[in-house]
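Report on the structure
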Amino acid sequence: MSPQQQRVRFDSATDGFDPPFALVDLDAFDHNAAELVRRAGGTPIRVASKSVRVRALLERVLAVPGYAGLMTYSLAEAMWLFAEGTCDDLLVGYPTTDRATLQKLAHDEAARAAITIMVDSVDHLDLVDDALGPGHPDIRVCLELDASWRPLNGSRKLHVGPLRSPVHTAAQAAALTRRIVERPGFKLVGIMAYEGQIAGIGDAPPGNPLRGLAVRWMQGKSAAELAERRAAVVSAVRALTPLEFVNGGGTGSLEGTAAEPAVTEVAAGSGLLGPTLFDGYRSFQPRPAALFALPVVRRPGPNVATLFTGGYPASGPIGEDRLPSPYLPAGLKLTKLEAAGEVQTPVTGKAADRLRIGDRVWMRHAKAGELAERFREFHLVRGYQVEQTAPTYRGEGQAFG
């Protein structure tokens, strides 16, 4: 379908709504979901909820064969999703210091059986003990392994990847495992490692082939080192206690991570919605599924149209790649001086001359789940009609940080 046909489809489906608003193209979403399953090659996919933040979409993808469980970004989020019946297998992907919610978890036997929290140090165990007091029931925990690449013989002087866990080696993992299994009130059930330097960095950045070569070299070296080290860590931990799962990967590294014998499940989420940060990969091209419409409110001059609102930058390092991008009609771009603004967003290009006051410009966000923090609902479009209007986390009155 051509860009113009896509624009007509989205405009027709949402004709009764006044922008700004957001939609998810279910045809693209379902295609992306199937592609992730294909790329995982039979390894179950745990859905990263932070990249979706809409219960209806989480439930939709969990119903697809090949998906199993959620990786949430907050313990309070995991408790809410469990209470709502969205999922009964929830891994909290980041350590928690939420004492009040830890107390709720400890007092809910069903939730304790469904939810696993993340730890990477004895300090995390101490915090849980302090929050719950002596004699608390077993809390399921997952040990997070640092998946970064340290090319200088493991020295921390050169660290390529996210700054996450202090546990980098098999010896460190075994030492922490011993502390966990010897400590009453905890049950170690899994290992997680997120290789952000592979999964989260495009290996074919548009217009920068030299950077692409450097990224591919780094990712190849890092992936080989991590596969060997992750296998050693899993072996060392399993020698001390049984494990239910070993989680790894992300949208950008599904094939490689799923192929590792030590890995039992992979994580993905952004690939379902296809934000612009995932345009620069050679191995896959998710279809843009999440869009937002902004109305034209001014025509300042030739080749310029000004849109209402639109200043929705993505988190991460400051740069143009974190800005939303004009998508439809094709041929528009942001201006250097104003970019995407709090109350107005000028766009330029020949296509702007065909826009009238009140027309829509369809935009893409740089990241997946953060768009849901800007809108109370997503219109879920199938073909030429809205199949459902679903609340986002924000629309359900939920905010988890």
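We now turn to the structure provided with this report. Keep in mind the model is a prediction, meaning the values are calculated, not measured. (Residues numbered from 1 in each chain as written. Predicted model: local features only at pLDDT ≥ 70, side-chain atom pairs only at ≥ 80, totals over all residues. Heavy atoms only, no water.)

Quick word on the packing of aromatic side chains
With the rule as written, the count across this model stands at 14 aromatic pairs. For the ring pair phenylalanine 278 and tyrosine 281, a centre distance of 5.4 Å and an interplane angle of 10° mean the geometry is stacked. Here phenylalanine 278 matches tyrosine 281 in class, with each residue buried. Summarising the aromatic geometry, the rings of phenylalanine 292 and phenylalanine 375 are spaced 6.2 Å apart at their centres and angled 40° between planes, so their arrangement reads as tilted. Here phenylalanine 292, found in strand β10 (residues 290–301), pairs with phenylalanine 375, found in the loop between β15 (360–364) and β16 (377–382); they are 83 residues apart in sequence, far enough to count as distant. Under the relative-accessibility criterion, phenylalanine 292 is labelled buried at 0%. On the accessibility criterion, phenylalanine 375 (7% relative accessible area) is buried. Counting every residue linked through ring pairs, the aromatic cluster contains Phe10, Phe17, Phe21 and Trp362. Just above the ring of phenylalanine 284 sits the side chain of arginine 39; from NZ or CZ to the centre is 3.9 Å. The ring of tyrosine 327 carries arginine 364 above its face, with NZ or CZ at 5.6 Å from the centroid. (Phe/Tyr/Trp six-rings, centres within 6.5 Å; stacked < 30°, edge-to-face > 60°. Buried < 20%, exposed > 50% of the residue type's maximum accessible area, 1.4 Å probe, protein only. Helix = DSSP H or I, 4+ residues; strand = E, 2+ residues; numbered from the N terminus. Lys NZ or Arg CZ within 6 Å of the ring centre and 35° of its normal.)

Overview of the nonpolar core
By size, the foremost hydrophobic cluster in this structure holds 94 residues, and its most contacted members are Val24, Leu57, Ile115, Ile117, Leu272 and Phe378. Not counting residues up to four positions away in its chain, the partners in contact with leucine 272 are Phe29, Asn32, Ala33, Leu36, Val47, Val52, Val61, Tyr67 and Ala289. Ranked by size, the runner-up nonpolar core spans nine residues in total, among them Phe21, Leu23, Ala293 and Trp362. (Core = buried A, V, L, I, M, F, W, Y, C linked by side-chain atoms within 4.5 Å. Contact = heavy atoms within 4.5 Å.)

Observations concerning the environment of alanine 33
Structurally, alanine 33 is set in helix α2 (residues 26–40). Classification of alanine 33 by relative accessible area gives buried; the value is 2%. Along the chain, alanine 33 and glycine 331 lie 298 residues apart, while their C-alpha atoms are 28 Å from each other. When residues no more than four places from it in sequence are discounted, the contact partners of alanine 33 are Val61, Tyr67 and Leu272.

A word on the pairing of strand β9 (residues 265–268)
By the alternation rule, side chains of β9 split into Glu265 and Ala267 and Val266 and Ala268, which are all buried. When strand β2 (residues 45–48) meets β9, the two strands line up parallel, connected through three bridges. Counterpart to arginine 46 in the pairing with β9 is alanine 267. Relative to β9, strand β8 (residues 245–248) is paired through two bridges, and the arrangement is parallel. Its bridge partner being in β9, asparagine 247 is matched across the sheet by glutamate 265. (Pairing = 2+ DSSP bridges.)

Here we look at the side chain of arginine 150
Tracing the chain through its elements places arginine 150 in the loop between β6 (139–144) and α8 (170–181). Within the local environment of arginine 150, its side chain forms a polar contact with the side chain of aspartate 146, the two groups lying 3.1 Å apart. Those residues in contact with arginine 150 that sit more than four places away from it in its chain are Ser155, Arg156, Leu158, His159 and His168. (Polar contact = N/O pair within 3.5 Å; in protein donor to acceptor, adjacent residues only side chain to side chain.)

Re α2
With 15 residues, α2 should reach 21 Å at 1.5 Å per residue; the first-to-last C-alpha distance of 21 Å fits that figure. Residues of α2 that are buried: Leu26, Ala28, Phe29, Asn32, Ala33, Leu36, Arg39 and Ala40. One face of α2 carries all of its buried residues, which in axial projection span an arc of 160°. The backbone nitrogen of aspartate 27 has a side-chain oxygen 3.1 Å away, supplied by the residue at the start of α2, namely aspartate 25. Positive phi shows up at glycine 41, right after α2, with a value of about 60°. (Expected span 1.5 Å × (residues − 1). Arc of directions from axis to C-beta.)

Concerning the state of the cysteines
Summed over the entire model, instances satisfying the criterion amount to zero disulfides. The thiol sulfur of cysteine 87 is not disulfide-bonded, and the nearest other cysteine sulfur, from cysteine 142, lies at 15 Å. The exposure class assigned to cysteine 87 is buried, which follows from its relative accessible area of 11%. (Disulfide = S-S within 2.5 Å.)

Brief notes about the sheet that holds strand β3 (residues 67–72)
The eight strands are arranged β2-β3-β4-β5-β6-β7-β8-β9 in a closed barrel whose pairing can be described as parallel. Adjacent strand axes in the sheet meet at a mean angle of 30°, parallel and antiparallel pairs treated alike. Against the sheet, α2 contacts β2, β3 and β9, and its axis sits at roughly 100° relative to β3. Running at roughly 170° to β6, α8 makes contact with β5 (115–119), β6 and β7 (186–193) of the sheet. (Axes fitted to C-alpha atoms, helices over the stretch in contact; angles between N-to-C directions.)

These results come straight from atomic positions and should not be treated as a statement about function.
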